[in-house]
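# Descriptive structure summary
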Amino acid sequence: MTATILDGKAVAARVKEEVAAAVAEMPTPPGLATVLVGDDPASHAYVRGKRNDAAEVGIRSIHHELDASITQEELHRVIDQLNADDGVDGILVQLPLPGDLDGEAAVERIDPGKDVDGLHPYNLGRLVLDKPGLRPCTPSGVMRILDHYGIPVAGKRAVVIGRSFLVGRPLALMLAARGADATVTLAHSRTADLPDLARSADILVAAVGVPRMVTAEYVAPGATVVDVGINRVDGKLVGDVAFDEVAEVAGAITPVPGGVGPMTRAMLLVNTLQAAASRRG
Ligand code: NDP
């Protein structure tokens, strides 16, 4: 293998140390509220992980577990209470919500200043406007890992495969934002000649949800490859990138697991700290 491994686990550990140090300086720790609806085991595991991360860095967590039979109005009432609670700096509603509950409406109900997932239209709008705000955790994690390893971004060609509002679209905006200054192409399932396009990238990001779709054919020699995908295949976690063959061509690559996943979790803590700091002036 020739590629440098971009070790998200190690960078996330560093980010967590920084957050813990900043939290220790605060007169009262930030509070992160998690709202979990229903009994989906994966959602329970994600929220448990996020609460453990918070505890590790000294962030207080406030947890609400709600029955899947809750109505949208009842869910909104819980969010309203958390919006009004001065001890809560960040609110995270674990998505997807079960049944007919509307996740987007729930996120819109969150006070944008407490929207630590960075998915409220207000915060996404600030991103479009290139103004400071709470940014979505996964794209922020990608930017942070590139920065940590000193991967040049300004003036480089980036291709992001996947245009979801959760990952691909905000990441494309962040790569193209003033200060990052990449030239970005946002690709998706209707993109023509995708392998050719991908091969034009200095930085190639796969946020697709198709196991090992990005093969060596997609990658220019020396390119940086960021694999956002998390797919379970035969009980094993695999990314959207065919790691073994791509690592022979790429200059740098994030592994799965241990790449973007830990960064996403760490950036939630950064956002909670940021929300607390700006709420407290
Ligand atoms: P979505 O399903 O919302 O979006 C997938 C995107 O990929 C769509 O834009 C779709 O195109 C595009 N796509 C699908 N198939 C192809 C194809 N064959 N060729 C090109 N483009 C294609 O997924 P998410 O963005 O939410 O997640 C993407 C992956 O990232 C998943 O594996 C998910 O589990 C993972 N993930 C990982 C996180 C982490 O922390 N590491 C956090 C969040 C997600 P179109 O729009 O045309 O349908």
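Now for a description of the structure that goes with this document. If you're wondering where the values come from, they're calculated on a predicted model, not measured in any experiment.

Reading guide: rules and limits
Numbering of residues starts from 1 in each chain and follows the order in which that chain's sequence is written. With the structure being a predicted model, the display of local features is reserved for residues of pLDDT at least 70 and the display and counting of side-chain atom pairs for 80 or more, all residues being used for whole-chain, interface and lining totals. With hydrogens and water stripped out, all remaining heavy atoms of the structure feed into the side-chain values. Numbering of helices and strands runs from the N terminus; a helix is a DSSP stretch of H or I covering at least four residues, while a strand is a stretch of E covering at least two. Helix span is expected to be 1.5 Å times the residue number reduced by one. Contacts between residues were defined by any pair of non-hydrogen atoms, one from each residue, lying within 4.5 Å. Any residue with at least one heavy atom within 4 Å of a molecule or strand is counted as near it. Polar contacts here mean pairs of N or O atoms no more than 3.5 Å apart (in protein, one a potential hydrogen donor and the other a potential acceptor; neighbouring residues in sequence count only if both atoms are side-chain atoms). The method behind every accessible area is Shrake-Rupley, applied with a 1.4 Å probe, and residues are considered shielded solely by the protein chains displayed. Residue polarity follows a fixed list, in which Ala, Val, Leu, Ile, Met, Phe, Trp, Tyr, Cys and Pro are nonpolar, Asp, Glu, Lys and Arg are charged, and the others, Gly among them, are polar. Any residue under 20% of the maximum accessible area for its type is buried, any over 50% is exposed, and the rest in between are partly exposed; the area is computed with a 1.4 Å probe on protein chains only. Angles run from 0 to 180 degrees between N-to-C directions of axes, and those axes are lines fitted to C-alpha atoms, restricted for helices to the stretch in contact. Just so you know how the angles are binned, under 35 degrees is roughly parallel, over 145 roughly antiparallel, 65 to 115 roughly perpendicular, and the rest oblique. Put simply, buried Ala, Val, Leu, Ile, Met, Phe, Trp, Tyr and Cys residues joined by side-chain atoms within 4.5 Å make one nonpolar core. Boundaries between domains were set according to an automatic or database domain assignment. Salt bridges are identified by distance alone: a Lys or Arg side-chain nitrogen within 4 Å of an Asp or Glu carboxyl oxygen.

What follows concerns helix H1 (residues 8-24). An ideal rise of 1.5 Å per residue puts 24 Å on 17 residues; H1 measures up with 24 Å between its terminal C-alpha atoms. For H1, the secondary structure elements touched by its buried residues are helix H2 (41-56), helix H6 (137-148) and helix H10 (260-279).

Once that is clear, we can look at the site of the ligand. Taken together, 22 residues are adjacent to the ligand, and Arg 163, Ser 164, Ser 189, Ile 230 and Thr 264 come closest. Between the ligand and Ser 164, the relevant distance is 2.5 Å, taken from an oxygen atom to a side-chain nitrogen or oxygen of the residue. Considering the ligand on its own, with 930 Å² of exposed area, one finds that the protein chains cover 68% of that surface. Among the elements that make up the shell around the ligand, the one with the highest residue count is H10 (3 residues). For the shell around the ligand, a count of residues per class yields 11 nonpolar, 10 polar and 1 charged.

Once that is clear, we can look at unusual backbone geometry. With an omega dihedral of 0°, the bond running from Leu 95 to Pro 96 counts as a cis peptide bond. Tracing the sequence through the fold places Pro 96 in the loop between strand S4 (90-93) and helix H4 (103-109). The linkage connecting Val 256 with the following residue, Pro 257, adopts the cis geometry, with an omega of -5°. Here Asp 130, not a glycine, exhibits a phi torsion of approximately 65°, which is positive. Taking the relative accessible area as the measure of exposure, Asp 130 reaches 33% and is therefore partly exposed. The phi dihedral of Arg 212 is positive, around 55°, even though this residue is not glycine. Relative to the assigned elements, Arg 212 resides in the loop between strand S7 (203-206) and strand S8 (224-227). Owing to a relative accessible area of 40%, Arg 212 belongs among the partly exposed residues under this scheme.

In this section: the packing of H6 against H10. Contact geometry of H6 with H10 gives a least axis separation of 8 Å together with a crossing angle of 105°. One element, H6, and the other, H10, form an angle in the roughly perpendicular class. For the pair H6 and H10, contact is made by Cys 137, Thr 138, Ser 140, Gly 141, Val 142, Arg 144 and Ile 145 and by Val 260, Met 263, Thr 264, Met 267, Leu 268 and Asn 271, respectively. Of the residues belonging to the contact of H6 with H10, the class tally is 7 nonpolar, 5 polar and 1 charged.

Counting 47 residues, the largest nonpolar core has Val 19, Ile 59, Leu 175 and Val 228 as the members making the most contacts within it. When contributions to this core are tallied by element, the ones reaching two or more residues are H1, H6, strand S5 (157-161), helix H7 (168-176), S7 and H10. Ranked by residue count, the leading element in this core is H10, at 10 residues. If you count residues domain by domain, this core takes at least three from each of domain 1 (27-113) and domain 2 (136-261). In this structure Leu 175 touches Met 143, Leu 146, Val 153, Ala 158, Val 160, Ala 180, Asp 181, Ala 182 and Val 184, once residues within four positions along its chain are discounted. Counting 20 residues, the second-largest nonpolar core is a separate cluster that includes Ala 187, Ala 201, Val 225 and Ile 253.

Before going further, it helps to spend a moment on the pattern of salt bridges. Going through the model one piece at a time under the given rule, you end up with 9 salt bridges. In this structure, the salt-bridge partner of Arg 144 is Glu 18, at a minimum N-O distance of 2.8 Å. A residue pair is termed long-range when its members are at least 10 positions apart, and Arg 144 in helix H6 and Glu 18 in helix H1 qualify at 126 residues. The exposure class of Glu 18 is partly exposed, given its relative accessible area of 40%.

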